Amino acid sequence: MPKSPDPQDLWREATRRLSDAGIEGARLDARLLLEAAFGWKPHALTLGTPEVSAEGLTRFEGFLARRLAHEPVSRILGLRDFWSLPFRISPATLDPRPDSETLVQAVLDRTEKNAPLRLLDLGTGSGCLLIALLTERPNAWGVGVDRAPAAAAMAHLNAHALGVADRAAFAAGDWTDPLAGRFDVILSNPPYIPLADRAGLAPDVRDYDPALALFGGVDGLDPYRRFAGELQAFLVPGGLLALEIGWDQGEAVQALLQQAGWHSVACLPDLGGRDRVIVANSPQIGPF
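Residues numbered from 1 in each chain as written. Predicted model: local features only at pLDDT ≥ 70, side-chain atom pairs only at ≥ 80, totals over all residues. Heavy atoms only, no water.

## With respect to the overall build of the protein chain
As a reminder, the rule being used: The helix and strand labels rest on DSSP assignments: H or I over at least four residues marks a helix, E over at least two residues marks a strand, and numbering proceeds from the N terminus. A 1.4 Å probe rolled over the protein chains alone gives each residue an accessible area, and that area as a share of the maximum for its type sets the label: buried under 20%, exposed over 50%, partly exposed in between. Any two residues whose heavy atoms approach within 4.5 Å are treated as being in contact. In this count, Lys and Arg are taken as positive residues and Asp and Glu as negative ones, while His and the chain termini are left out. For this purpose, a charge sits on NZ of Lys, CZ of Arg, CG of Asp or CD of Glu.
A tally of regular secondary structure across the protein chain gives eleven helices and nine strands. Each of the three principal axes of the protein chain carries a C-alpha extent, and together these read 80 × 40 × 30 Å. Within the protein chain, the proportion of its 288 residues that are buried is 50%. Contacts in the protein chain between residues far apart in sequence, at least 24 positions, make up 65% of those at least 6 positions apart. Each charge sign in the protein chain was given a centre, from 27 positive and 36 negative side chains, and these centres are 3 Å apart.

Shown next as structure tokens:
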């Protein structure tokens with residue numbers, strides 16, 4: 001009977017293959033894929049010698065082949081941690097990035113913890129932004145909208161799994177088209193990459209994130225033009241708007257909002273110090 005492979009040997013060999021393919025973080029990726037394929041507890045490789053099964057080995061080889069093709073680990077596993085919460089993702093949803101937590105923090109910094117807030121998340125994807133906020137604001141409720149019905153369905157599943165489904169609703173539609181009424185906060189991480197930048201994207205992004213969630217027209221600003229003109233009608237007077245942007249779009253998006261009459265327009269950096277979020281308020285008194 002052939003001897004089972006040594007787990008440490010599997011880890012070393014997988015790390016080597018991933019490194020040779022130019023994949024950063026190869027050692028961590030190899031460990032995560034091994035743990036998932038064999039059903040090992042986190043850090044089992046560093047704490048002992050876990051069992052290697054034939055079924056797990058077949059599963060691991062499949063996972064490794066996908067990672068060698070630059071499919072992100074989060075997509076292989078169908079799971080991404082965001083705001084310390086586990087979110088299921090699918091081909092219809094954007095893979096949440098840590099930079100987007102800047103948007104969550106910007107809203108938290110500008111709202112009261114126990115306020116009965118009405119939140120609107122445009123382009124909700126996995127629902128990570130809205131759900132993260134609902135876990136921090138216990139008296140808030142929110143609506144998430146996405147053009148992809150499969151994304152809205154995934155956000156609904158995540159809301160159930162993370163215990164906020166009674167305060168969240170999700171709909172498929174083109175931005176505000178399915179909506180009526182007003183909200184206290186509108187937030188969005190819209191598609192903002194210029195179409196001309198497609199070829200220069202990392203394959204992990206270009207080949208696996210949905211194009212619908214990536215590209216914002218020729219210059220990447222199409223969603224912000226629409227938001228600048230439409231969203232005051234969906235906010236209460238003085239309501240908060242918070243938008244994620246590309247690192248080089250701060251001045252352009254601020255100008256669009258200021259020209260449309262938004263108040264207190266400001267640009268906030270992410271943890272790396274690059275422009276990441278625009279915040280603004282609707283006029284206190286206006287054509288409502």
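What follows picks up the thread again.
## What to know about the side chain of Ser90
Here Ser90 shows up in the loop between strand S2 (85–88) and helix H6 (101–109). Ignoring anything within four residues of it in the chain, the contact list for Ser90 reads Arg75 and Met154.

## Brief notes about the pattern of salt bridges
For clarity, the threshold we go by: Salt bridges are defined by distance alone: a side-chain nitrogen of Lys or Arg within 4 Å of a carboxyl oxygen of Asp or Glu.
Following the criterion strictly, the structure yields 20 salt bridges and no others. A salt bridge links Arg80 to Asp95, with the nearest nitrogen and oxygen atoms 2.7 Å apart. Of this pair, Arg80 sits in strand S1 (residues 79–82) while Asp95 sits in the loop between S2 and H6; the two residues are 15 residues apart in sequence, bridging distant segments of the chain. Judged by relative accessible area, which is 28%, Arg80 ranks as partly exposed. Assessed through its relative accessible area of 3%, Asp95 is described here as buried. Put simply, Arg276 and Asp99 hold a salt bridge, and the shortest N to O gap is 3.4 Å. Taken together, the residues span a long stretch of sequence, with Arg276 in strand S9 (residues 275–281) and Asp99 in the loop between S2 and H6 at a distance of 177 residues. Residue classification places Asp99 among the partly exposed positions, given a relative accessible area of 31%.

## Topic: the packing of aromatic side chains
To keep it simple, the criterion reads: Aromatic pairs are defined between Phe, Tyr and Trp rings, using the six-membered ring for Trp, whenever the two ring centres lie within 6.5 Å; interplanar angles under 30 degrees are classed as stacked, those over 60 as edge-to-face, and all others as tilted. In this scheme, Lys NZ or Arg CZ marks a charge over a ring once it lies within 6 Å of the ring centre and within 35 degrees of the ring normal.
Overall, the coordinates contain five aromatic pairs when judged by the stated rule. A centroid spacing of 6.4 Å and a plane angle of 35 degrees characterise the contact between Phe38 and Phe60, whose relative ring orientation is tilted. With Phe38 in helix H2 (residues 26–38) and Phe60 in helix H4 (residues 54–68), this residue pair connects regions lying 22 residues apart in the sequence. Considered together, Phe38 and Phe60 belong to a single accessibility category, that of buried residues. Members of the aromatic cluster, joined through ring pairs, are Phe38, Trp40 and Phe60. Over the face of the ring belonging to Phe215 we find Arg198, whose NZ or CZ atom lies 4.3 Å from the ring centre.

## Structural notes on the sheet that holds S9
Under the convention used in this document: Strand pairing is assigned whenever DSSP detects at least two bridges linking the two strands. Axis definition: a line fitted to C-alpha atoms, limited for helices to the stretch in contact. Angles are taken between N-to-C directions and run from 0 to 180 degrees.
The strand order S5-S4-S3-S6-S7-S9-S8 describes an open sheet built from seven strands, whose pairing is mixed. Either end of the sheet is taken by a strand with one partner, and the two such strands are strand S5 (168–172) and strand S8 (263–269). Direction aside, neighbouring strands of the sheet carry axes that sit 15 degrees apart on average.

## Describing the packing of helix H1 (residues 7–20) against H2
Axis angle and axis distance: for two packed helices, these are the angle between their axes and the distance between the axes, and together they describe the pair. For clarity, the threshold we go by: By the definition adopted for this analysis, an angle is roughly parallel if under 35 degrees, roughly antiparallel if over 145, roughly perpendicular if from 65 to 115, and oblique otherwise. Should the near helix be turned anticlockwise from the far one by less than a right angle, the crossing is left-handed, and should it be turned clockwise, the crossing is right-handed.
Interaxial distance between H1 and H2 falls to 8 Å at its minimum, and their mutual angle equals 130 degrees. Between H1 and H2, the angle is such that the two are oblique. The way H1 lies across H2 gives a crossing that is right-handed. For the pair H1 and H2, contact is made by Leu10, Trp11, Ala14, Thr15, Leu18 and Ser19 and by Ala26, Arg27, Asp29, Ala30, Arg31, Leu34 and Phe38, respectively.

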